[in-house]
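# Overview (structure and organization)
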Amino acid sequence: MKKASCSINKKYKLAEIDERIYGSFIEHMGRAVYTGIYEPDHPEADKDGFRKDVLDAIRECNVTIIRYPGGNFVSGYDWKDGIGPKDKRPTRLDYAWFSIEDNSFGIDEFSDWLKKAKTEGMIAVNLGTGTPKDAGELVEYCNIKSGTALSDLRIRNGHKDPHNFKVWCLGNEMDGPWQICQLSADDYAKKAKEAAKIMKWVDPTIELVACGSSSAEMATFPEWDRIILETLYEYVDYISLHRYYEYEGDINNFLGSFFDLNNFINTVKAAADYVKAKNRSKKTMYLSLDEWNVWNIKDMQLKRWQKAPSIAEDSYTLLDALVVGGMLCTILNNADRIKIACLAQLVNALSPIHTEKGGGVLKHTTFYPFMQVSKYGRGVVIKNLMSCDNFVSDKYGKLPTIYSSTTYDADNNKLTFFSINYDRENDIELKLCLDGFGSLEIIEHLVMDGNDLFASNTFKEPNKVIPRLNPIKKSIGKEFDIMLPKLSWNVVRFEVKG
Ligand code: AHR
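As a starting point, this report considers the structure included with it. (Residues numbered from 1 in each chain as written. Predicted model: local features only at pLDDT ≥ 70, side-chain atom pairs only at ≥ 80, totals over all residues. Heavy atoms only, no water.)

## Concerning the sheet that holds strand E11 (residues 306-307)
To keep things clear, this is the line we draw: If DSSP finds at least two bridges between two strands, the strands pair. Each helix corresponds to a stretch of at least 4 residues labelled H or I by DSSP, and each strand to a stretch of at least 2 residues labelled E; elements are numbered beginning at the N terminus.
Spatial ordering of the open sheet is given by E4-E5-E11, a layout of 3 strands whose pairing is mixed. Edge positions in the sheet fall to strand E4 (92-94) and E11, since each has one partner strand and no second. With 2 bridges joining them, strand E5 (residues 99-101) and E11 adopt parallel strand pairing. Opposite Ser99, over in E11, you have Gln306 as the bridge partner.

## Side note on helix H8 (residues 257-278)
Here is the rule we go by: One less than the residue count of a helix, multiplied by 1.5 Å, gives the span that helix is expected to have. Here's how the labels work: a residue is buried when its accessible area is under 20% of the maximum for its type, exposed when over 50%, partly exposed in between, all with a 1.4 Å probe on protein chains only.
Here H8 contains 22 residues, and its C-alpha end-to-end distance of 32 Å stays within 8% of the 32 Å for a straight helix at 1.5 Å per residue. Of the positions making up H8, those classed as buried are Ser257, Phe258, Asp260, Leu261, Phe264, Ile265, Val268, Lys269, Ala271, Ala272 and Val275. The positive-phi residue at the C-terminal boundary of H8 is Arg280, with phi of around 55°.

## Concerning the state of the cysteines
We apply this condition: Disulfides are defined in this document as cysteine sulfur pairs within 2.5 Å.
Inspection of every chain in the model, using the stated rule, returns 0 disulfides. Not part of a disulfide, Cys6 finds its nearest cysteine sulfur in Cys433, a span of 8.1 Å. Unpaired in this structure, Cys388 has its nearest cysteine sulfur neighbour in Cys6, at a distance of 8.8 Å.

## Describing the environment of Asp203
This is how the line gets drawn: Throughout, a residue-residue contact means that at least one pair of heavy atoms, one from each residue, lies within 4.5 Å. Under the rule applied, a polar contact is a pair of N or O atoms within 3.5 Å (in protein, one hydrogen donor and one hydrogen acceptor; residues adjacent in sequence only if both atoms are side-chain atoms).
In this fold, Asp203 is placed in the loop between helix H5 (185-202) and strand E8 (207-210). For Asp203 and Asn143, which are 60 residues apart along the polypeptide, the C-alpha to C-alpha distance reads 7.1 Å. In this structure, Asp203 is in contact with Val139, Asn143 and Lys166, ignoring residues within four places of it in sequence. Of note is the side chain of Asp203, whose polar atom sits 2.7 Å from the side chain of Thr205.

## Observations concerning helix H9 (residues 318-333)
With 16 residues, H9 extends 23 Å from end C-alpha to end C-alpha; this agrees with the ideal 22 Å at 1.5 Å per step. Summarising burial for H9: 15 of the 16 residues are buried, a large majority.

## What about the nonpolar core?
Put simply, the rule is: Each nonpolar core is a collection of buried residues, namely Ala, Val, Leu, Ile, Met, Phe, Trp, Tyr and Cys, held together in the definition by side-chain atoms within 4.5 Å.
Formed by 143 residues in total, the largest nonpolar core has its most connected members in Trp113, Trp168 and Tyr188. No other element matches the 11 residues that H9 contributes to this core. Setting aside its immediate chain neighbours within four residues, Trp113 contacts Ile26, Ile37, Phe50, Leu55, Ile58, Ile66 and Phe105. In terms of nonpolar packing, the next biggest core, distinct from the first, is built from 22 residues, Val380, Ile402, Leu430 and Val492 among them.

## Remarks on the pattern of salt bridges
Side chains that carry opposite charge are capable of pairing whenever their charged atoms lie near each other. Let me state the cut-off plainly: Salt-bridge detection follows one rule: a side-chain nitrogen of Lys or Arg within 4 Å of a carboxyl oxygen of Asp or Glu.
Under the defined criterion, the tally for this structure stands at 36 salt bridges. Glu16 is paired through a salt bridge with Lys13; the nearest N and O atoms lie 3.0 Å apart. Looking at Glu16, the relative accessible area reads 48%, which means it is partly exposed. Between Lys431 and Asp481 there is a salt bridge whose closest N-O contact spans 2.9 Å. With Lys431 in strand E20 (residues 428-435) and Asp481 in strand E24 (residues 479-484), the pair connects residues that are 50 residues apart, well separated along the chain. By relative accessible area, Lys431 is classed as partly exposed at 34%.

## Remarks on a nonpolar patch on the surface
Convention followed: Within the patch definition used here, like charges are joined within 9 Å and nonpolar side chains (Val, Leu, Ile, Met, Phe, Trp, Tyr) within 5 Å, considering only residues with over 30% relative accessible area and no salt bridge. Here the open area of atoms and residues is found with the Shrake-Rupley method and a 1.4 Å probe, where only the protein chains shown may cover a residue.
On the surface, Leu93, Tyr95 and Trp305 cluster together into a nonpolar patch covering about 320 Å² of accessible area. Tracing the backbone through its elements, the reader meets Trp305 in the loop between strand E10 (286-294) and E11. A relative accessible area of 34% places Trp305 in the partly exposed class.

Right under this line is the structure:
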């Protein structure tokens, strides 16, 4: 068996974790809303039409913030279509996904649903076909208590208390040619600045996210980020990053996604810090990685003008779960700058949770690493000094066979070590040395692994790829020998005894 070692010292704190890094995303895309979270004639629907079985699964994965209503969808969306009596709401063509939108679920339903999902919202405004005035009016409708035309309209629509959404995105991927009303960096910066001014005048307590480049592959990356920040730096709190990885036939390249994501984050940080220096600003620009995931179905063949068609319903594999685990460790290891992150998305479209219309709920493989990191990855991130072999990826060169992140939750006296063994042949015995915490007791070691990297969960076999308990020698101390099976995702939990 191969050996490796890792030193973790309480003194070397990387970051406080902002719990909003365990966010997700619900877009009016495919079956995310309709027949996903909202299906009034489903046997599990509550009086508002929300599926209780889906709410249970969402609460189980401890999602801390949910971005809504898009995504590409938002760039053609008039939020006023989705309020008031349902029988008076217009049916429209959604140009983003070529779908029919009947508007039976809108901002008020989303707010009601969030309360049941026990999470909060992050609202995107339309800076495609929409205007800064529309954006300001949406903030007024949602966040002003009463006494104005739009806040009183919300009250008449059955919502006495304001929704009080705190985080707002200034459009979505406005650099992308696929976006409804794509903008140049200069035009976006001007429009977003005027929207930001109005939105913060309406509610000065809100936080704003500017659209960064829609991916590292854009020819305009990272110039777009520099240009828009030069105008928006003092008006916004975060710049957004979006990153999806796809399995293209080479396992090692795909496994190396954690490394590429780290490079992407570093480049956006550098662009933001350059502008900070250039603008002589004292403020640090934080990052909102508000779309990230594995996205394998790229050729989506959108069928025109159907209501809630099936779009991007990936059935994720063990390999995908390992990649998601690696991305989660990268997010944790950058928690000093990433304050918000959204797994895109949550239900049906590109999602850990899958539903059948009229039927059951299925948890894909990627549900588990996300749920575990969100549940146990609280408190602070501590630096890991890892000594291990390398594996080689054509795309990224030599990468460590073990990638990891450690969180320490002082309030609950818990320490959690998350790691992936990328070695395709060998289990690795890892010596973990934990200094500065006093004695620790190992609680459990959860593993996701298996002989078939391409195995998925299905309604027939819903538990084919789920975490299992790895046998451990119960012990108390500071040094632990942990066996990381080949190609595995690992969560090792400790109680700090002091
Ligand atoms: O999450 C799916 C889509 O991916 C979003 O609508 C868009 O922002 C991104 O390109």
